[in-house]
Amino acid sequence: MDAKRRSFLKSAAMAAAGSMVAGNTSLPVVHADQAVDDLPTGEGMTWNKAPCRFCGTGCHVQVGVEDGRVVAIAGDKAADVNKGLLCVKGYHVGGILYGKDRLTNPLLRKDGKLTEIEWDEAIETIAKRIFDSPQTFAFYGSGQWTIPEGYAAQKFMKGGLGNNHIDPNARLCMASAVTGFLATYGVDEPAGCYQDLDECDVLITWGNNPAEMHPVLFSRVTDRRSRGETVRIIDIGTRKTRTTDAANDYLEMKPHGDVAISLGIMHLLIENNNYDKSFVEKHCNFRGAEELTPTLQGEQISEAEFRKRIAKYTPERVEELSGVPADQIRMLADLFGNHDIRITSLWCMGMNQHTMGTAINSLVHGVHLLSGHFGRPGDAPTSLTGQPSACGTVREVGTLAHALPGGRVVANPEHREQCEGFWNLSPGSINATPGYHTVKMFEQFTKPTSQGGDITTMFVQVTNPGQTLPNLNALFNDKQGLEDKFLIVSDVYPTATTVLADLILPAAMWVEKNGVYGNSERRTQQWFKMVDPPGEARDDCWMTIAIAHKLFEMGYEGMKDKDGEFIFAVKNEAGEEIPIWEFDHYYDTNVDKHLFEEYRQFTTMKHKNLAPYDEYVKARGLRWPVVEQDDGSWRETKFRFSGFDDPFVTAGQEFDFYHSSTNDGRAQIWFHEYAPPPEMPDEEFPMWLCTGRVLEHWHSGTMTRRVSQLSRAMPTAYLEMNPEDAKAANIRQGERVIVESRRGKCELPVWIDGRGRPPRGTIFVPFFDETKLINNCTLDAHDPFSKQPDYKKCAARVKKLAEAPS
Ligand code: SF4
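What you see is a predicted model; the values in this text were computed from it and never measured.

Asks: How do you make sense of the pattern of salt bridges when you look at a structure like this?
Replies: Any two side chains of opposite charge can pair, given that their charged atoms come close. Going through the model one piece at a time under the given rule, you end up with 56 salt bridges. With a shortest N-O distance of 3.3 Å, Arg623 and Asp80 are connected by a salt bridge. Pair noted here: Arg623 is in strand β22 (residues 622-623) and Asp80 is in the loop between β3 (69-75) and α2 (88-91), with a separation of 543 residues, a long-range link. The residue Lys155 makes a salt bridge to Glu598 at a minimum N-O spacing of 2.9 Å. Remark: Glu598 occurs in helix α24 (residues 591-600) and Lys155 occurs in helix α4 (residues 147-161); sequence separation between them is 443 residues.

Asks: So what exactly am I meant to see when it comes to the nonpolar core here?
Replies: Within soluble globular proteins, side chains that are nonpolar generally end up buried alongside one another. Val63, Phe156, Trp510 and Val511 are the most contacted members of the largest nonpolar core, which totals 121 residues. With eight residues, helix α22 (residues 540-553) is the largest single contributor of residues to this core. Core analysis: the next-biggest nonpolar cluster, separate from the first, contains 60 residues, Tyr185, Met331, Leu335 and Phe336 among them.

Asks: What is the right way to read a negative patch on the surface from this model?
Replies: On the surface, Glu116, Glu118, Asp120 and Glu124 cluster together to form a negatively charged patch. Positionally, Glu124 belongs in helix α3 (residues 119-132).

Asks: Hey, could you run me through the packing of aromatic side chains in this one?
Replies: Each aromatic ring pair is characterised by the separation of its centres together with the angle its planes make. Under the defined criterion, the tally for this structure stands at 40 aromatic pairs. Ring pairs connect the aromatic residues Phe181, Tyr185, Phe279, Phe374, Phe641, Phe648, Phe655, Phe657 and Tyr658, which therefore count as one cluster.

Asks: Mind showing me how you'd approach the pairing of strand β26 (residues 687-692) here?
Replies: Burial analysis of β26 places six of its six residues in the buried class, the great majority of the element. Here β26 shows a buried face lined by Met687, Leu689 and Thr691 and a second buried face lined by Trp688, Cys690 and Gly692. Pairing geometry for β26 and strand β30 (residues 762-766), over five bridges, is parallel. Opposite Thr691, over in β30, you have Val765 as the bridge partner.

Asks: Can you help me understand the site of the ligand in this one?
Replies: Around the ligand lies a shell formed by Cys52, Phe54, Cys55, Thr57, Gly58, Cys59, Leu86, Cys87, Lys89, Gly90, Pro215 and Val216. Sorting the residues of the shell around the ligand by element identifies α2 and α8 (215-226) as the ones contributing at least two each.

Each value, and the rule that gives it
- Residues numbered from 1 in each chain as written.
- Predicted model: local features only at pLDDT ≥ 70, side-chain atom pairs only at ≥ 80, totals over all residues.
- Heavy atoms only, no water.
- Salt bridge = Lys/Arg side-chain N within 4 Å of Asp/Glu carboxyl O.
- Helix = DSSP H or I, 4+ residues; strand = E, 2+ residues; numbered from the N terminus.
- Core = buried A, V, L, I, M, F, W, Y, C linked by side-chain atoms within 4.5 Å.
- Buried < 20%, exposed > 50% of the residue type's maximum accessible area, 1.4 Å probe, protein only.
- Patch = residues over 30% accessible without salt bridge, like charges linked within 9 Å, V, L, I, M, F, W, Y side chains within 5 Å.
- Areas by Shrake-Rupley, 256 points an atom, 1.4 Å probe, with all protein chains shown as cover.
- Lys, Arg positive; Asp, Glu negative; His and termini not counted.
- Charge placed at Lys NZ, Arg CZ, Asp CG, Glu CD.
- Phe/Tyr/Trp six-rings, centres within 6.5 Å; stacked < 30°, edge-to-face > 60°.
- Pairing = 2+ DSSP bridges.
- Near = heavy atom within 4 Å.

So yeah, pure geometry; function would need other evidence.
Shown next as structure tokens:
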């Protein structure tokens, strides 16, 4: 079929899709406070837009409010991301506000007992601990932080305290995606967007289960089949999942096999002279790791050297390393060698939670670059995020131990100077030494101070490390009994983390506060507070500002700017300061808007330009870079680095990697040698243990387990086991077992031939259930560049505990 005809059929199909899904042939522009069409109305009922609280897809919902309560949720038909669809979690997102055990008062542990206290005492207690020892304080945050929350925390730590010990839970889920993008393009975040899913001929899922983890996105692909389009899905995984059920091909790999597979594809493209020579010659360099101290920059190697290094990754050797038959490797290489089709790769935790996370991310980018499957709609290597603002808050605001907003880093004097300029701080305010990454931060917190554990106070906001850290016994549970260590946790419900907290702060959540998120396709989305939080629960951003102001009152110099003003000062039109540190006055102004506009100055520095806040109020999100047009309107960018769409590509160029780490407009095709996993099954621990998520629950289940519909649908964690393994161990469906690793154990019921079907020698356990903490068993070994731990493979054994209940 010629390209023109195929593109006509595709646009016809998309128009049909639009009419099927949205009820219109084109999506109408609907203002935020305007109901889309058939939403129920009633006296006092209002509707407003918000992005979903859960995954990084960034679906938009319409939130129905009556009598101060969220009473209805509808998919937002005006939203380009989801066109009115939601997954089962999204449909129930309103219910997360109304669990019976919401935290409603600050609680301080006094004589071992949690006791209700006033907010003033809570803020004073925190400020005093920080004042007494600012450099032993650590802030642990989240990809669920809104952009203003993360920005405030970042400025408080790096600008105010001169302390870089701030890191987010996103270190545990997508840090290797960041280092993969940086190593390849010199700048983070995907070039493509969700439109690639509408346009690709082949979708390859690399250790990824979007049917459960990003279901609305996956339906964008599978729905095309019901409209008569052909899209081939190739699932490369370590166990069969719901994604496999929809796939045309399932390539079962050994854990760590993805590294070998990507090398094998590149080997064949080169060997068969079937790569895109013109694209590579014009737009790419070859890179290899330096021998002594490897960096993300790597060292330049010639194409001949690349050929030489990759020569040994023949299909047969790759079969040996990965377990995927040589013919299937040839099939993948033939597909990538065909330039008449469009190929999109998707990945998420499977590739990121990997001790070779940076390497495998770079290698998959390399497969796309070498084959020229890049930068045309449908041709994209794309990583997905698990949290709603992992991109917006963590990657863009830079709430990582080494980073500053706008792609700046603390180790670079020029970058520090720029930030100090934007923040009106005295020169030298920002500390040049990167802080502790997540694993190190918790190691230092749980190690006795007398033994060098130099983090003594930790503030955890919007996340649940007591359940989600790897190797929990070492990294979290060891805090118990350490009298001088002080854990502050802000959350909406009691969690596995609050169990060890010394101070618990009740937080407002989602539409109980204003917010801005940034999703996986570079889309920034805004919403307004719609209902009040319960009891004394308050905004996380307010907490940060209130602590900062208390320090300011105590005379802490860092909380003053160069002119002696409070670093978070907001003034009214008359030039008077609004006391936003007092909660009664926090909503006298839109603090989010003030912080966002301040942050926006940073975004032009790496061509991640954002529009003014008010543009996001009108829109269902905009994908950056967003640039102003001659007529004053703001235009988003769908395909970055592609001349036909990206305003920053040099005029006349087809592609321009304008942040190239080699300063020549080129992307880097990396070679990395395959290395075995950090821990392998042996006689004592003979099984591979993999952990992950399920459709009904979002991450540690804190919110979704409070929604009865979701909780009933998936009440408990379980252990997936292959029927042959179960038979050999005399284990039957539903019987309880102990799964054990060198680090800890966990008791679970067994599910055989359930939703996921692991091969022999492999078990899988989801981590959403706080009553069954599988992270007691997982490994804290991490990627050397991204510091992201490997939750996907460690050695374990299974012991039968009891017969199944009858
Ligand atoms: S796919 Fe993600 S963002 Fe969309 S409704 Fe489901 S959980 Fe929410």
